[in-house]
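These are the residues of each chain, in order.
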Amino acid sequence: MKIAIQGCCHGDLDAIYGHIDKLEKANGYKVDLLLICGDFQAMRNWLDLTVMSAPDKYKEIKDFHKYYSGARKAPIPTIVIGGNHEASNYLWELYHGGWLAPNIYFLGHAGSLIVNGLRISGSSGIYKDHDFNRGHYEKLPYDRSTLRSIYHTREYCVRKLSLLPQPDIFMSHDWPQSIAHYGDLQKLVRHKGYLKTDISNGRLGSPPLMGLLKTLKPKWWFAAHMHTRFEATVPHGDIAGNTIETTVPSVANPDEIMIDDDEAIDQPTNKDSNPASKANPDEINLSDEELEVATSLQPPPVAPSVTNFLALDKCLPNRKFLEVVDIPTPEFDQSKSASPSTKPTLSFDPLWLAITRAFHPNLSLSYVQATFPSETHARALVERELLWVNENVPSKLDGGWGVLECQKFIQTAPPITPTESGKMREGTPQRKPLAPLLVVTRLTLFTAPYYTNPQTEALCKLLEIPNKINPPPRDAPVRWQPA
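Throughout what follows, the structure given in this document is the object of discussion. (Residues numbered from 1 in each chain as written. Predicted model: local features only at pLDDT ≥ 70, side-chain atom pairs only at ≥ 80, totals over all residues. Heavy atoms only, no water.)

1. Notes on the environment of T153
Reasoning step 1: By the secondary structure assignment, T153 is in the loop between α6 (146–149) and α7 (155–162).
Reasoning step 2: Here T153 falls in the buried class, since its relative accessible area comes to 10%.
Reasoning step 3: Taking the C-alpha atoms as reference, T153 lies 9.9 Å from G83; in sequence the two are 70 residues apart.
Reasoning step 4: Excluding residues within four positions of it along the chain, T153 makes contact with S123, S124, G125, I126, Y127, D131, F132 and V158.
Reasoning step 5: A distance of 3.3 Å separates a polar atom in the side chain of T153 from the backbone oxygen of S124. (Helix = DSSP H or I, 4+ residues; strand = E, 2+ residues; numbered from the N terminus. Buried < 20%, exposed > 50% of the residue type's maximum accessible area, 1.4 Å probe, protein only. Contact = heavy atoms within 4.5 Å. Polar contact = N/O pair within 3.5 Å; in protein donor to acceptor, adjacent residues only side chain to side chain.)

2. Digging into unusual backbone geometry
Reasoning step 1: Residues L140 and P141 are joined by a peptide bond in cis, for which omega reads 0 degrees.
Reasoning step 2: Looking at where P141 falls in the secondary structure, it is placed in the loop between α5 (129–132) and α6.

3. Overview of the nonpolar core
Reasoning step 1: By size, the foremost hydrophobic cluster in this structure holds 94 residues, and its most contacted members are L35, I79 and W175.
Reasoning step 2: Sorting elements by how many residues they give to this core places helix α11 (residues 350–359) first, with seven residues.
Reasoning step 3: Filtering out sequence-adjacent residues up to four positions away, L35 remains in contact with I3, A4, I5, Q6, I79, I120, I169, M171 and F222.
Reasoning step 4: Counting 40 residues, the second largest nonpolar core, distinct from the first, contains I20, Y67, L100 and I104. (Core = buried A, V, L, I, M, F, W, Y, C linked by side-chain atoms within 4.5 Å.)

4. Considering helix α1 (residues 13–27)
Reasoning step 1: In a regular helix each residue adds 1.5 Å, so 15 residues correspond to 21 Å; α1 covers 21 Å between its end C-alpha atoms and thus fits that length.
Reasoning step 2: By the burial criterion, the buried members of α1 are L13, I16, Y17, I20, L23 and E24. Buried residues of α1 fall within an arc of 115 degrees about the axis and therefore sit on the same side. Counted as exposed and oriented over 90 degrees from the buried face of α1: K22, K25 and A26.
Reasoning step 3: On its buried side, α1 packs onto β1 (2–6), β2 (33–36), α3 (64–69), β4 (78–80), β6 (104–106) and β14 (322–326).
Reasoning step 4: Phi turns positive one or two residues past the end of α1, at G28, with a value near 70 degrees. (Expected span 1.5 Å × (residues − 1). Arc of directions from axis to C-beta.)

Read these as layout, nothing more, since geometry by itself doesn't imply function.
Below, the structure written as structure tokens:
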């Protein structure tokens, strides 16, 4: 399966799909699936723009609303995760995952799907230690603090993900902590000099994500956030199963460069003069990673398992923001997929459904996170729930696991017209006299409305769990309906 990997999206869907179309025509192949590693910016209207955490000069309505309204349709099945510049209110509506627009699926704050036999798992947001152990206490209307904390990764999500079997692909926005030491560290520092201090002090990346990488040992890990291309290979053990010790090269401590906590600041760089970088960057051939083994009378040793890590840039001209990876599709039971088609088909991961049921009582919507079960107890709970899932879910999904048998895209908030776009300054839409006046000051609470998303309702009904995310209020007004 040919899978296109995109770094930060920043709302530039038209350019991303257009770039893939050019690659297909130039190389004579067809991309089957697109993965976008955060900062997707699913703004449906101007009110969604007010809840994106970013300086006002960066708040801009770009392309997504056209795909949401139906004016355009994603030409390739697309799976996305969240970053730290998002329409956080909309992503919260689909906390457990769901269709942001036709053919564009949000994996959730944490989630896992099966696509033609490949397990694709992921974690949204970025790590901040002061919020990691808290519950999901943020509620609309967001203030200046909760506008940021809502996209901070929680221990609840990491614990759930840690119970999965080995994914083929793991997606994140943040980098795993210390991943820089498993690739060309000096090249990274030359390209992004402002990262030196954070790398040398161990502050670059997310400690929980590195824990997941070492626990799950995914074959591929894709990320974004730092606005640069970086690849690394993380070994997990030798042929006897022993841990491989990796020497971490030292980095000279440079003059400290202060960076905003939540911002991956883009710095001007010189053009890379490395001749190897002039090779085709748009496709990775898995065979390139294999080592030639000398002929021997003994059977060749089994290579240790490794995780291939790749982070990409944001979508801008002359930047390394998208690459195509050719990943073999494993053998799998076609009867358990949504259809026997060879086209990419999104199916629920039964293990993830079981984990969701097992951990749902621990989903906290207050500042204090409920106590978690021990790992042994948690795995026993998941085993029990997996029996329930296998017995009860397929019969509700026409005998399979197809996502579309449960969740169908439905607009919740009204979209702006397809021709609208533009920036906001101090909360006021620019160049669009028909857009609503949204004056935002430092003391103003953001007023994006509350919506109950039918997709979340449907998933909770499938799993027979209460909808804690956005249940219909008792005094809820009549939901907006598309014309």
